[in-house]
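# Breakdown of the fold
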Amino acid sequence: MKFRLLFIALLISTLSFSKNEGKIIGVLTDKHLNQKTLPSAKVIIREANISTNTDANGKFSIVIQPGVYIVEFSLAGYESTEVIVTVNEGETTITNESLIPTNYNLKEVVIRTKSSREKETAILLEQKNAVEIKQAIGAEELSRKGVGDVATAVTKVTGISKQEGSGNIFVRGLGDRYNSTTMNGLPVPSNDPEKKNINLEIFSTDIVEYISIDKVYSSKLYGDFSGGNVDIVSKDYSGNGFLKLDIKSKVNTNALSENNFNLQKGVGNFGFTNISIPNNPLNQYNFNTLQLEVKSPVGTSFGLSGGNSFRVGNIGKINFFSTFSHDNEYTSKSDGTAKGGVNGTGVANKNFDSYTSLNFNTNTTAMANIGYKINHNNKINFNTVFVNTSTQSKEDYTGYIVDVANDGNGLIRRTTYTKNSLWINQLLGENKLSDRSKLNWGLSYNTIQGNMPDRVQNTFRKQTDGYTLYPDNNRYFQKLNEDEAAINTSFDYKFRKIEDGLYKGKITFGFSSRYKTRDFEATQFSLKTASNHINTIVDLENLDLFYNQQNLDAGYFNISTFRGGSQVSNALDPQTYNGEQSINAGFVNTEYKSNKLTTVLGLRGEYILQKIKWNTQLDPSGGKDELDKYAFLPSLTLKYELNDKQNLRFGFSKTYTLPQFKERALFLYEEVTEVKIGNPHLYASDDYNFDLKWEMFPKSEELISVTAFGKYIQNPMNEVTIASSTNDISYVNTGDYGYVTGAEVEYRKLLFDFESKNPKKLSAGINASYLYSNQELNSEKVIKETDYNVVFTNSKSKFTGASDLLLNADISFLNKWNDNKNNLTTTLAYSYYSDRVYAIGTSDRGNLIDKAFSSLDFIAKSKLNKNIGIGFVAKNLLNPTLNRVQENSNGDINVLSYKKGLTLSLNLNYQF
């Protein structure tokens, strides 16, 4: 019947010769909530290639040629529907429709239609209806705020900040080890051997439909959770066919002001260059060139994305979306100073009065999503994402180096090239077995290769007529391969039937399993200058004139590893550690609604097994260790609907925090100003969490919320400086307890909405988080439980990464004209975080503190016509100096200082 009507519609539309048009208008409402209007719903007429959204009052209007059409209505959290509409010449057809929530009584978060989840109003509506306490940020808001990567995106959410210079995030003051990352609910591996979570900066927002942040635990999540879980929901396109081309240019003012922006030669501009250890490296000098080449520091990017939907049979549908993009940028840290090895009296082993860092970054992202809606009861999705990132840097530290450059004439230069390749594959399914039961499942296989090929560090001393090489220099090669497979399954069964399709309760049984392996190897070659050549003048721009085969043969320098030189048979055996981790879990979740109160009671059981073995310079004969744990994790979530605009929510749960592979492997990793080693005696923490939240949704685009939260952590883990000749940093359980408590406030307000032929809208938002953290520091506990000696300066401390105050604010103005065909959106976005602990002080040294920092961004985006759009973004307009200090008892010592400069970008897009 439907195909017959569609054929009639196409026939009438084709034969129509009238120049006059007709119009379809209407209002979309919620069928069960007193006919409440639904904003931001998608309204689609596929045969006419028309798509629009309902306005803030649920109204829509479509001008169209006369004919018979199938009109589709869909909105996040509601069952989609289709109606047949006849449009007559010069007449207005009124079509008012109502949508039914996917589960009226239980208001399930798992939904059938995702077509409008990118919109801010739809995100707020879903947040209001959800039982879980969660927040989300959609593609529309990310675009408005000029956000280009996921790491920056999540910092726009209340209580979340990002560590400067990295993609590491802190949720309510808790850092990397306390958080988790998933994509479409399935785990994602880390690209950094030191980190638990992947660097979120590598994910472009081009692939994102929305980002969900769970700060309250539920039994459907893995228990290695205390701060929050960031779930990246990839685009699932279901609209009309489109093809979009983007080009962009980006500059950094610091990079532009560099007189000589030069980096090491031999690395390509696209970030795919592979560099490996050369053959016979101890006897033949075949390493990559050390020459520097001048770059033009203007970044460029391009992207191509497209999608379409196709009907299959009477009710089947295939959705397709893909995107490909390449982005590069030049950045520079200027006006910098740095210190290393500062003791309790303020004396530093390294005191650099000049620090500069030049960087060239690339990101290549490709994604494809295919969704097949077999019928109303069965759906399957396949996602594949490939991300390749690279960073090439040159860091110069100039000044005093104890016993090397006592006259302040030292220079340490480190050039680094890192390359990470991530491939994510996911298969997701949803099967409605009956009116009462549903099966959800997901499979994933992910792999990542994280390489640091040929990191070079040379130390120089400045003489009257040039620079000479200090004896000890090195070239370092590192490889990381990690593979992970995971499965999620859950079965829902509804009970206590009220009427057809409506139930008071739901019970969910589920099973989750993940298994990952990591293989890590590293080789450091020591290039030691012979004593009779330490006064040889070298060319900083072309060290190949000193490091070459002729000088190696002549004895100017020799090459060895920590195992020895060419005379040692196993000298080229790398340092290695290998890890295996499996987590198998079962859970049960019971959800029940009684009048205005919804209760969710969950219990999850997990068995965790982590195995690790190593062969390193700290333990050349090799070693191994195992950690196993049984975890029983209860959770309780309550939601009380005060009225149709206000909710009161409560959450309580028990979770745990696992140490990571590298934290437990006896491996040594050297930075310019610090050295880190693993601790095989590190063990898991147990966490107890609670939340109490009040929220009000005055209008579809407005939100007011206040949250109180607390966390109690048994045996917290931290990075600390241990007692050693080189002041190494390791990972230890620093005390018996720690806790975090605080409050969050969020306010979104539509200041004015001028509806007319050319509408204008001014909106603003602010969110703030205040927290207090404290943890016990117990030197005796560390000495008893580990092989390390630690003497804490203080008996208590804040958590590392915890800022007392976090603040985000933005104001946006939207102006439309020419019958809504053209628009301009301008946004000012401000963020601030107060002082926070970077590392805990020991041996009379004070804590290292990252001082308060604020940023201001300006974003302008315009649609010039149906096809062409432009955008301009200016970031870090305030350009403050970033400072890290050591809070000694006799005063603060500045150990790191620099400026990032402004970043300006201009982009142009064309949609076919």
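A short tour of the structure in this document, coming up. (Residues numbered from 1 in each chain as written. Predicted model: local features only at pLDDT ≥ 70, side-chain atom pairs only at ≥ 80, totals over all residues. Heavy atoms only, no water.)

### Considering the sheet that holds strand E15 (residues 228-234)
The five strands lie next to each other as E9-E14-E15-E12-E13, forming an open sheet whose pairing is mixed. In the strand order of this sheet, the two ends are held by strand E9 (134-138) and strand E13 (186-187), each with one partner. Looking at chain direction, E9 and strand E14 (residues 208-214) are connected through five bridges and run antiparallel. Bridging from a neighbouring strand, Lys 134 pairs with Asp 214 of E14. Strands in contact with helix H2 (residues 120-129) are E9 and E14; relative to E9, the strand with the most contacts, it is inclined by about 170 degrees. (Pairing = 2+ DSSP bridges. Helix = DSSP H or I, 4+ residues; strand = E, 2+ residues; numbered from the N terminus. Contact = heavy atoms within 4.5 Å. Axes fitted to C-alpha atoms, helices over the stretch in contact; angles between N-to-C directions.)

### So, the environment of Gly 346
In this fold, Gly 346 is placed in the loop between strand E20 (316-340) and strand E21 (350-375). Between the C-alpha atom of Gly 346 and that of Asn 584, which follows or precedes it by 238 residues, the distance is 49 Å. Residues within four places of Gly 346 in sequence aside, it is in contact with Asn 888 and Ile 893.

### Some words on the side chain of Thr 707
Here Thr 707 lies in strand E37 (residues 703-714). Looking at Thr 707, the relative accessible area reads 6%, which means it is buried. Beyond its immediate sequence surroundings of up to four residues, Thr 707 is in contact with Arg 172, Asp 691, Leu 692, Lys 693, Gly 742, Ala 743 and Glu 744. (Buried < 20%, exposed > 50% of the residue type's maximum accessible area, 1.4 Å probe, protein only.)

### Digging into the pairing of strand E23 (residues 405-432)
For E23, the tally of buried residues reaches 21 of 28 residues, placing the bulk of the element in the interior. Examined bridge by bridge, strand E22 (residues 378-401) and E23 share 23 bridges and lie antiparallel to one another. When the sheet's bridge partners are listed, Ser 393 is paired in E23 with Thr 416. A loop of three residues connects E22 with E23, the two strands running antiparallel in sequence, and Asp 403 in this loop sits at a positive phi of about 65 degrees. In terms of strand pairing, E23 meets strand E24 (residues 437-463) through 20 bridges, oriented antiparallel. Across the sheet, Gly 410 pairs through a bridge with Arg 461, a residue of E24. Linking E23 back to E24 in an antiparallel pair, the connection comprises four residues.

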